[in-house]
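Here's the letter readout for the chains.
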Amino acid sequence: MNVAIRYAAGSDIGCNRENNEDSGYAGARLIAVADGMGGYAGGEVASSTVIGSLRSLDTAAPKDDLVDMLGRAVAEANEKLRIVREERPDLSRMGTTLTAMLWSGESVALAHVGDSRGYLLRDGELFQMTQDHTMDELLKAEAEQAGQQADPGETSRLSHVLYRVLDGREDREPDLRLREARLGDRYLLCSDGLSGPVDAQRIYEVLSAEADPQRAVDRLIQLARDNGGPDNITAVIADVVEAEHLHGGEDPVVVGAAAQS
Ligand SMILES: [Mn+2]
């Protein structure tokens, strides 16, 4: 069967921030979310540089090895950050998360660095596809391996500290995986400005109840705002549909900092 994705994206500055350092992209083959950081325009530059670099994947001919193709594109995006850092010493602290999916029919590659998230709604269940690259998750995994309990005070203190981002330095390898998409799957990529204030149960409820992807994106963003909206909020949804049911010709959507530049 010929499948395609129907997509929507949204990004919101939130209730407390003075600028939006998130960027998002949704197109016929590529969806991506990047959450920039680094103060003084650094976050906006980092997230929009990475999204701008990746977008050529959306129109490139798919290769046999999708994971390899996406992995190389992430390495190239990181290299672009290195060049920007060299040119702009004032942005030396910049970095960004990246969670991206690249489709070819029913095959989909997933790349992930940082604490933005990828969720899958399938057969009425919500799965988190990504693991946060935060220090608390690292400590919990280490404790589990040692058959111990991580210190809760320690883990909550470190819950927002990232141990891996894209920042133009070497060895910034993303988690890479090949997945099989199924008809009816709904994928959500989001920044922590959504997954922080809105728990997985509420995300599940909205994704299940609201069929239209743009309305679902808008409702999720509104929920994050209603819960205080402490951070920038970005959400991208891709629904796997039969290609014949898609009218086609939809333009790609760019949101957040990448839409300003
Ligand atoms: Mn954030």
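The structure displayed is predicted, hence computed values, not measured ones. (Residues numbered from 1 in each chain as written. Predicted model: local features only at pLDDT ≥ 70, side-chain atom pairs only at ≥ 80, totals over all residues. Heavy atoms only, no water.)

Draft legend 1. Here's a closer look at the overall build of the protein. Check the secondary structure of the protein and you find 8 helices and 12 strands. Against the 2.2 N^0.38 benchmark of 18 Å for 261 residues, the protein shows a C-alpha radius of gyration of 18 Å, consistent with a compact globule. Residues counted as buried form 49% of the 261 residues belonging to the protein. Here the analysis covers contacts within the protein between residues at least 6 apart in sequence; of these, 73% occur between residues at least 24 apart. Carbon and sulfur atoms make up 45% of the accessible area of the protein, which amounts to about 12400 Å² in all. Taking the 26 positively charged and 46 negatively charged side chains of the protein as two groups, their mean positions are separated by 1 Å. (Helix = DSSP H or I, 4+ residues; strand = E, 2+ residues; numbered from the N terminus. Rg over C-alpha atoms; globule rule 2.2 N^0.38 Å. Buried < 20%, exposed > 50% of the residue type's maximum accessible area, 1.4 Å probe, protein only. Contact = heavy atoms within 4.5 Å. Areas by Shrake-Rupley, 256 points an atom, 1.4 Å probe, with all protein chains shown as cover. Lys, Arg positive; Asp, Glu negative; His and termini not counted. Charge placed at Lys NZ, Arg CZ, Asp CG, Glu CD.)

Draft legend 2. Here's a closer look at helix H2 (residues 66-87). The terminal C-alpha atoms of H2, which comprises 22 residues, lie 32 Å apart, in line with the 32 Å expected from a rise of 1.5 Å per residue. The set of residues buried in H2 consists of Leu66, Met69, Leu70, Gly71, Ala73, Val74, Ala77, Asn78, Leu81 and Val84. On the buried face of H2, the contacting elements are helix H1 (42-54), strand E4 (95-96), strand E5 (98-104), strand E6 (107-113) and strand E9 (175-180). Looking at where H2 begins, the residue whose side-chain oxygen comes 3.3 Å from the main-chain nitrogen of Val67 is Asp65. (Expected span 1.5 Å × (residues − 1). Polar contact = N/O pair within 3.5 Å; in protein donor to acceptor, adjacent residues only side chain to side chain.)

Draft legend 3. Fine view of the nonpolar core. In this structure, Ile51, Leu54, Leu57, Leu70, Leu98, Leu102 and Leu166 are the most contacted members of the largest nonpolar core, which totals 27 residues. For this core, the secondary structure elements donating two or more residues are strand E3 (30-37), H1, H2, E5 and E6. In terms of residue count, the dominant contributor to this core is H2 (8 residues). Other than its neighbours up to four places away in sequence, Ile51 contacts Ser23, Gly24, Tyr25, Ala32, Val33, Ala34, Leu98 and Ala258. Core analysis: the next-biggest nonpolar cluster, separate from the first, contains 20 residues, Ile5, Tyr7, Val108 and Val236 among them. (Core = buried A, V, L, I, M, F, W, Y, C linked by side-chain atoms within 4.5 Å.)

These results come straight from atomic positions and should not be treated as a statement about function.
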